[in-house]
Amino acid sequence: MNQSSMNEAGGDDRRTRLRDLDETLDRLRAELPAPPGDATDFADSGQYLAAREELEGQIELLESERERLRGELGIS
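What comes next is a walk through the structure.

Rules of the game
- Residues numbered from 1 in each chain as written.
- Predicted model: local features only at pLDDT ≥ 70, side-chain atom pairs only at ≥ 80, totals over all residues.
- Heavy atoms only, no water.
- Core = buried A, V, L, I, M, F, W, Y, C linked by side-chain atoms within 4.5 Å.
- Buried < 20%, exposed > 50% of the residue type's maximum accessible area, 1.4 Å probe, protein only.
- Helix = DSSP H or I, 4+ residues; strand = E, 2+ residues; numbered from the N terminus.
- Contact = heavy atoms within 4.5 Å.
- Salt bridge = Lys/Arg side-chain N within 4 Å of Asp/Glu carboxyl O.

## Points about the nonpolar core
Thinking step 1. Formed by L18, L21, L25, L28, L55, I59, L62, L69 and L73, the largest nonpolar core amounts to nine residues.
Thinking step 2. Going through the elements one at a time, α1 (3–31) and α2 (42–73) are the ones with two or more residues in this core.
Thinking step 3. Looking at which element gives the most residues to this core, the answer is α2, with five residues.
Thinking step 4. Those residues within four positions of L18 in sequence are excluded, and the remaining contacts are R66, L69, R70, L73 and I75.

Written as structure tokens, this is what we have:
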């Protein structure tokens, strides 16, 4: 396999990964819990915040990878 073919294969892998990241980010954003509308106890509030922070952390990591891949592929 020559260098050009290897670069194209790597680009295809990165584009596939980028599509997967976009799908995962859309799903995770949709799963972010909305703030409770009524008065809740501290346990419920804590669970809400913990779940939201965990998802936001995952989203942040995936967005970083997405931006890196977009840069490698020359996509702005």
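## A short note on the pattern of salt bridges
Thinking step 1. All told, the structure shown has eight salt bridges when counted by the stated rule.
Thinking step 2. With its nearest N and O atoms 2.9 Å apart, the salt bridge here joins E65 to R17. One end of the pair, E65, is in helix α2; the other, R17, is in helix α1, with 48 residues separating them in the sequence.
Thinking step 3. Classification of E65 by relative accessible area gives partly exposed; the value is 22%.
Thinking step 4. Under the relative-accessibility criterion, R17 is labelled partly exposed at 33%.
Thinking step 5. E56 serves as the salt-bridge partner of R52, at 3.2 Å between the closest nitrogen and oxygen. Separated by four residues within a single helix, R52 and E56 lie in helix α2, roughly one turn from each other.
Thinking step 6. Look at the salt bridges and you will find they share partners, linking R14, R68 and E72 into a network.

## Section: the environment of D26
Thinking step 1. Inspection of the secondary structure puts D26 in helix α1.
Thinking step 2. Once the C-alpha coordinates of D26 and I59 are considered, the two residues, 33 residues apart in sequence, prove to be 9.4 Å apart.

## Quick look at the environment of R15
Thinking step 1. By the secondary structure assignment, R15 is in helix α1.
Thinking step 2. Separated by 58 residues in sequence, R15 and L73 have C-alpha atoms that sit 7.9 Å apart.
Thinking step 3. Beyond its immediate chain neighbours, meaning those up to four positions away, R15 contacts L73 and I75.

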